[in-house]
Amino acid sequence: MIEVSKEKIEAALSTCHLPYLNTDVVSAGAVKSIKVEKGIVSVQVTLGFPCLGQQAGMQQMLSAAIQHVPGVTRANVVVNWRVRPHKTQGGASVMPQVKNMIAVASGKGGVGKSTTAVNLALALAAEGGRVGILDADIYGPSVPMMMGIAEGTRPGQVDNKYFTPVAALGLQTMSIGYLITEKTPLVWRGPMATGALKQLLEQTLWDDLDYLVIDMPPGTGDIQLTLSQSVPVTGAVIVTTPQDIALLDAQKGIEMFIKVRVPVLGIVENMSLHTCSQCGHSEAIFGEGGGERIASDYGVPLLGALPLDIHIRQQMGKGKPSVFAEPEGDITKRYRDIALQLSASLAKMETDVKIPNISVLSD
Amino acid sequence: MNDRIPNDIKLHRYSKTLELVYSDHSYTLSAEFLRVHSPSAEVQQHGRPILQTGKQAVAINSIEAIGHYALKIIFSDGHDTGLYSWAYLYQLASHQEDMWQAYLQQLKQAGKSRAAE
């Protein structure tokens, strides 16, 4: 009988490149344990991001690689995940119940930022993450409508001090829209608006979130700047359309995050192609390759491109975002791909953003 | 983003100094030096800085990190609008001598003093 060693198993595993990992499973440090008992090999792989959709395929692929090792009679591979919290400013995590905060931002309005935020949040949840969404777009809170939350829904209150998030489509949601009526616009000045948002974020009793997606107000003005400075954001995603004017503003968005040292995780290009619902002809109405250009200019990944598809809008209008309405559809696949790239890059990010230790001495 | 970030920032209350500890070197900056070189728009006035005078006795009441990128210093004269980015702090620390001499020169030319009037 051939003796099976752990080293041989490890060597076999190191030939396995898992999707979204960009390296093999051993170099990624994902192999937690290898047990060999007479030809029966048990391997535990823990990734830093939820990947329910890929789990079975990964387990199969790793098992196959192990079974090729001479002497192995059976391989039990378990792939699971554990999302790590990221340290934020000031050292300690400001919000212990939220592990990662992802800001979805755009340089200008009307590029589909909220649509992207909602679908991304749902995609992260579909992969098995615990996800919340905070609608920070105080001037046009659209998340409640997009998620099909009935008008007049109010969050629960605890001790007259905290809100409990509104549960919808598997997400924990909070929006300024819950606190005002849909028909009254908010006429607030900057400091009031940011104050209200910070309160909304900090006084919501988020329940053990892996990811909190923040739908930022569009633009790069005072509110956006203050928000990205004062809220412990782990990383930002910039949404743009391919036309030049939108790209120009997207650049400003990227510059703003660079300035406040929030890592830009990538760019999502919306409305990249329009497919005619009558004849099926595809056309790049807003131009081609814009998102790619700006991504390479700043050395950030282009996470994905979404077509200008009438279904995305129609489903959203009915309160059933694409990822929820068509879990097997092509649009959903794209959003889930973006979500996985995003969470995988967060998992790779250093857990400790370097922040000086501040101390006060009376000498 | 490869600017220098200090490992430790220590506020010495009594001696009115801020100590910046980098991995290879540490610097001690006086509250007055930091105050007169505040990056605040009030002081810098978009490239035409206003000469800060009479700050010899100024102290630092408290300091706090802003996001991942800067230090906010709250001075005893109420000035708290300057956000000192890590890069700017390093620039101040590494060019302290020259900048201080230049400041004294400017004071002299303006006929002003470090002492409060």
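A brief report on the enclosed structure follows. These numbers come from a predicted model, not from an experiment.

Next up on the list: helix 1 (residues 6-13) of chain A. Along helix 1 of chain A, the positions that sit buried rather than exposed are Ile9, Ala12 and Leu13 of chain A. On an axial view of helix 1 of chain A, the arc spanned by its buried residues comes to 100 degrees, and they lie on one face.

Generally speaking, a soluble globular protein has its nonpolar side chains buried in company with each other. All names here are of chain A. Counting residues in each nonpolar core, the largest one holds 119 residues, and the members touching the most others are Val104, Leu120, Ala121, Leu122, Val213, Ile214 and Ala236. Per-element tally for this core: the top contributor is helix 3 (residues 113-126), with 9 residues. Not counting the four nearest positions on each side in its chain, Ala236 is found in contact with Ala103, Ala105, Phe257, Val262, Val264 and Leu265.

This part covers the sheet that holds strand 3 (residues 74-81) of chain A. Strand pairs in the sheet, formed through backbone hydrogen bonds, run parallel or antiparallel to each other. Residue and element names in this part refer to chain A. The 3 strands lie next to each other as 1-2-3, forming an open sheet whose pairing is mixed. One side of each edge strand has no neighbouring strand; the edge strands of this open sheet are strand 1 (31-37) and strand 3. Geometrically, the sheet is characterised by an average inter-axis angle of 10 degrees between neighbouring strands, direction not taken into account. Two strands pair when backbone bridges link them, and strand 2 (residues 40-47) and strand 3 are joined in this way by 8 bridges, in the parallel orientation.

Mapped onto the elements, Ser33 of chain A comes out in strand 1. Taking the C-alpha atoms as reference points, Ser33 of chain A and Thr46 of chain A, 13 residues apart in sequence, are found 9.4 Å from one another.

All names here are of chain A. As summarised here, the arrangement of the 8 strands in space is 8-9-5-10-4-11-12-15, forming an open sheet in which the pairing is mixed. The sheet is open, and its two edges are formed by strand 8 (166-168) and strand 15 (302-305), each paired on a single side. Each strand axis lies, on average, 25 degrees off the axis of its neighbour in the sheet, ignoring direction. Across the sheet, helix 3 touches strand 4 (98-105), strand 5 (131-135), strand 9 (171-175), strand 10 (209-215), strand 11 (235-240) and strand 12 (264-269), and the angle it forms with strand 10 is around 170 degrees. Here helix 11 (residues 330-348) sits on the sheet in contact with strand 4, strand 11, strand 12 and strand 15, set at roughly 170 degrees to strand 15.

A few words now on unusual backbone geometry. The backbone phi angle of Asp159 of chain A is positive, close to 55 degrees, even though this residue is not glycine. Summarising the element assignment, Asp159 of chain A is placed in the loop between strand 6 (156-158) and strand 7 (162-164).

It is worth spelling out the packing of helix 1 of chain A against helix 2 (residues 52-67) of chain A at this point. What describes two packed helices is the angle between their axes and the distance between those same axes. Residues and elements named next belong to chain A. Remark: helix 1 packs on helix 2, axes separated minimally by 9 Å, with the N-to-C direction vectors making an angle of 130 degrees. Judged by the inter-axis angle, helix 1 sits oblique to helix 2. Handedness of the helix 1/helix 2 crossing: right-handed. Of the residues in helix 2, those touching helix 1 at Ile9, Ala12 and Leu13 are Leu62, Ala65 and Ile66. For the contact of helix 1 with helix 2, the per-class residue count stands at 6 nonpolar, no polar and no charged.

Conventions used here
The residue count restarts for each chain, going from 1 along the sequence in the order it is written. Labels follow written order: the first chain is A, the first ligand is 1, and so on. Given that the model is predicted, a residue must reach a pLDDT of at least 70 before its local features are reported, and side-chain atom pairs must reach 80 or more before they are shown or counted; all residues, however, enter totals for whole chains, interfaces and linings. Partly exposed residues are those whose C-beta has more than 12 but fewer than 20 other C-beta atoms within 10 Å; 20 or more makes a residue buried and 12 or fewer makes it exposed, with C-beta atoms placed from the backbone. Secondary structure counts use DSSP, requiring at least four H or I residues in a row for a helix and at least two E residues in a row for a strand, with both numbered from the N terminus. Regarding the arc, it is the one traced by the directions from the helix axis to the C-beta atoms. Throughout this description, the term nonpolar core refers to a group of buried Ala, Val, Leu, Ile, Met, Phe, Trp, Tyr and Cys residues whose C-beta atoms join them within 7 Å. Contact between residues is assigned whenever the C-beta positions, reconstructed from backbone atoms, fall within 7 Å. Between any two strands, at least two bridges found by DSSP are needed for them to pair. In this analysis, axes come from line fits to C-alpha atoms, helices being fitted only over the stretch in contact, and the angle between any two N-to-C directions falls in the range 0 to 180 degrees. Should an angle fall under 35 degrees it is called roughly parallel, over 145 degrees roughly antiparallel, and 65 to 115 degrees roughly perpendicular, with every other angle called oblique. By definition, any crossing whose near helix is turned counterclockwise from its far helix by less than a right angle is left-handed, and any crossing with a clockwise turn is right-handed. By the convention adopted, Pro, Cys, Tyr, Trp, Phe, Met, Ile, Leu, Val and Ala count as nonpolar, Lys, Arg, Asp and Glu as charged, and the other residues, Gly among them, as polar.

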